[in-house]
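One-letter residues, chain by chain:
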Number of protein chains: 2
Amino acid sequence: MESVILASASPRRKELLEQIGISFRCHPAKGEEKADGTTPEEIVKRLAQQKAEEVASHYQEGIVLGADTIVCCEHEILGKPENRRQAAEMITRLQGRVHEVYTGVCLLHMHSGICGRELIFAEKTEVEFYPMDQEEIEHYIRSGEGDDKAGAYGIQGGCAKYIKGIRGDYYNVVGLPISRVYQSLKQMKAESHDTINCK
Amino acid sequence: MESVILASASPRRKELLEQIGISFRCHPAKGEEKADGTTPEEIVKRLAQQKAEEVASHYQEGIVLGADTIVCCEHEILGKPENRRQAAEMITRLQGRVHEVYTGVCLLHMHSGICGRELIFAEKTEVEFYPMDQEEIEHYIRSGEGDDKAGAYGIQGGCAKYIKGIRGDYYNVVGLPISRVYQSLKQMKAESHDTINCK
């Protein structure tokens with residue numbers, strides 16, 4: 001498969017691409033992305049696109065992959081917590097109910113420095129937490145695991161014991177919907193054997 | 001939490017208990033479990049119970065955890081493949097559709113060599129595969145990842161790129177529904193402060 005450039009510094013996204021055997025180089029976007037979309041889907045798609053476009057400007061060939069993940073609880077977006085007090089507030093809010101995790105993905109297929117094909121989508125996964133008591137919340141926050149994560153938790157670590165179930169792609173919650181990314185890369189590869197249409 | 005004895009040799013179950021910070025010792029059941037239940041839930045519950053009871057007979061104190069996982073596709077149970085030909089048949093069958101994974105769990109709380117409390121349940125997770133072509137199936141089989149796994153695949157490895165989504169507990173598919181196990185252990189702990197009722 002053609003060379004993939006991951007426009008993200010997230011160690012979890014790197015691990016996921018490695019897990020499914022995609023070879024890639026890492027070139028994190030540096031800009032401060034901003035999006036004021038009206039829906040969570042729109043927001044993550046725009047953020048993913050901004051990351052991918054920033055990085056794509058440095059490449060002549062290859063497929064640039066931008067991604068962004070947010071947590072949404074009762075119509076409010078929870079980003080990364082600024083401190084542990086805010087992290088505790090987020091977990092308190094998530095416990096005992098269902099929330100949504102959205103990851104936006106943007107794939108830009110570059111040919112001779114021009115984007116020949118663009119694929120953008122948002123994937124949603126619903127996550128249900130068991131109720132947690134104060135001691136459990138404090139213990140989890142102290143572990144520091146949620147410090148750098150949207151919604152202040154990671155489904156792949158110690159928080160797993162509080163997660164009753166999900167509906168959708170598990171890896172989307174970790175930070176990248178790898179099956180849909182893989183299917184999209186396959187599609188791009190198949191199309192590139194035909195004509196490359198300009199964006 | 002009271003000492004947990006895992007009646008399984010599965011490295012994945014060990015990793016899952018470690019992930020959620022439960023300290024345990026490992027004492028795999030040796031017997032050949034057999035079950036001829038009428039439903040997948042009944043079968044995995046009976047198999048888990050047989051494993052737990054065999055191991056519990058060696059302990060005076062502690063909570064013995066037995067578990068068994070099966071994959072069910074169109075009302076047929078898929079166990080571990082006997083060879084790679086059978087593994088390829090299983091993956092061919094699973095691709096492009098939804099199947100169910102059931103894990104049965106049996107917890108036996110031992111006091112002075114007697115089981116004071118028993119908790120048995122079966123957890124179901126639905127798993128949807130993307131369609132796979134022959135090359136993809138063969139490549140996955142050759143990786144050997146599915147050789148020792150029910151249904152001939154592991155959701156946590158390279159097969160992740162073919163899994164569109166799930167409904168239920170992800171870790172149940174890996175081999176142990178850790179959130180429900182944790183909640184059950186909590187419940188047992190709370191109850192043991194009250195009276196211990198004989199089975």
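Residues numbered from 1 in each chain as written. Chains lettered and ligands numbered in written order. Predicted model: local features only at pLDDT ≥ 70, side-chain atom pairs only at ≥ 80, totals over all residues. Heavy atoms only, no water.

Participant: Would you take a moment to explain the relation of the copies chain A and chain B for this structure?
Facilitator: Both copies of the chain are related by a screw-like operation: a rotation about an axis and a shift along it. Superposing chain A onto chain B requires a rotation of 180 degrees together with a translation of 0.0 Å along the rotation axis, leaving an RMSD of 0.0 Å. The operation mapping one copy onto its partner corresponds to a two-fold rotation axis. Of every C-alpha in chain A, the one belonging to R167(A) sits nearest the axis of rotation, 2.2 Å from it. The overlap is high: 100% of the interface residues of chain A also sit at the interface in chain B, so the same surface is used on both sides. (Least-squares fit on C-alpha atoms with pLDDT ≥ 70 in both. Contact = heavy atoms within 4.5 Å.)

Participant: Help me understand the packing of aromatic side chains in this model?
Facilitator: The geometry of two aromatic rings is summed up by the distance between their centres and the angle between their planes. Under the defined criterion, the tally for this structure stands at nine aromatic pairs over all chains. For the pair F129(A) and Y153(A), a centre-to-centre distance of 5.1 Å together with 85 degrees between the ring planes defines the contact as edge-to-face. Of this pair, F129(A) sits in strand β6 (residues 114-129) while Y153(A) sits in the loop between α4 (134-142) and β7 (163-168); the two residues are 24 residues apart in sequence, bridging distant segments of the chain. Using a relative accessible area of 1% as the deciding quantity, one classes F129(A) as buried. Residue class for Y153(A) comes out buried when judged on its relative accessible area of 4%. Of the aromatic side chains, those joined through ring pairs into one cluster are Y170(A), Y171(A), Y170(B) and Y171(B). (Phe/Tyr/Trp six-rings, centres within 6.5 Å; stacked < 30°, edge-to-face > 60°. Helix = DSSP H or I, 4+ residues; strand = E, 2+ residues; numbered from the N terminus. Buried < 20%, exposed > 50% of the residue type's maximum accessible area, 1.4 Å probe, protein only.)

Participant: Just to check I follow, could you spell out the interface of chain A and chain B for this structure?
Facilitator: Interface size is commonly expressed as the accessible area that is lost once the parts come together. Taken together, the contact pairs 27 residues of chain A with 27 residues of chain B. Here chain A and chain B share an interface that buries about 2200 Å² over both sides, 48% of which is from carbon and sulfur atoms. Across the contact surface, chain A and chain B share two salt bridges. In this structure, E136(A) and K186(B) form a salt bridge, with 2.9 Å as the shortest nitrogen-oxygen distance. Where chain A touches chain B, the interface holds 18 residue pairs in polar contact (both at pLDDT 80 or more). Going through the elements one at a time, β7, α5 (170-174) and α6 (178-192) of chain A are the ones with two or more residues in the side of chain A that touches chain B. Residues belonging to the side of chain A that touches chain B are distributed by class as follows: eleven nonpolar, eight polar and eight charged. Bridge analysis of β7(A) against strand β7 (residues 163-168) of chain B gives three bridges, and the strand direction is antiparallel. Bridging from a neighbouring strand, I166(A) pairs with G168(B) of β7(B). (Buried area = accessible area lost by both parts, 1.4 Å probe. Salt bridge = Lys/Arg side-chain N within 4 Å of Asp/Glu carboxyl O. Polar contact = N/O pair within 3.5 Å; in protein donor to acceptor, adjacent residues only side chain to side chain. Nonpolar A, V, L, I, M, F, W, Y, C, P; charged D, E, K, R; others polar. Pairing = 2+ DSSP bridges.)

Participant: Looking at this model, I keep getting lost on the layout of surface pockets. Mind explaining?
Facilitator: Gaps between atoms show up when a probe of the same size as a water molecule is rolled over them. All names here are of chain B. A volume near 770 Å³ is recorded for the largest pocket. Lining the largest pocket are 34 residues; nearest its centre among them are R13, K51, D68, T69 and K80. The set of elements that each furnish at least two residues to the lining of the largest pocket consists of α1 (11-19), α2 (40-56), β3 (62-73), β4 (76-78) and α5 (170-174). Of all the elements, β3 adds the most residues to the lining of the largest pocket, at four residues. Residues that form the lining of the largest pocket fall into these classes: 17 nonpolar, eight polar and nine charged. (1 Å grid on protein atoms, 1.4 Å probe; cavity = no way out; pocket = protein on both sides within 12 Å on 5 of 7 lines; lining within 4 Å. Points joined across faces, edges and corners; volume = space filled by probe spheres on them.)

Participant: It is not clear to me how the pairing of β3(B) should be interpreted in this structure. Could you clarify?
Facilitator: Residues in a regular strand point their side chains to alternate faces of the sheet. All names here are of chain B. Counted residue by residue, β3 has twelve buried out of twelve residues, so it is predominantly covered. Taken together, the three bridges between strand β1 (residues 4-6) and β3 define a ladder with parallel strand orientation. In the sheet register, I5 faces β3, and the bridge partner there is V64. Both β3 and β4 contribute to a ladder of three bridges, which runs antiparallel. Bridge pairing links V71 to L78 in β4. Joining the antiparallel neighbours β3 and β4 is a turn of two residues, in which E74 adopts a positive phi near 50 degrees.

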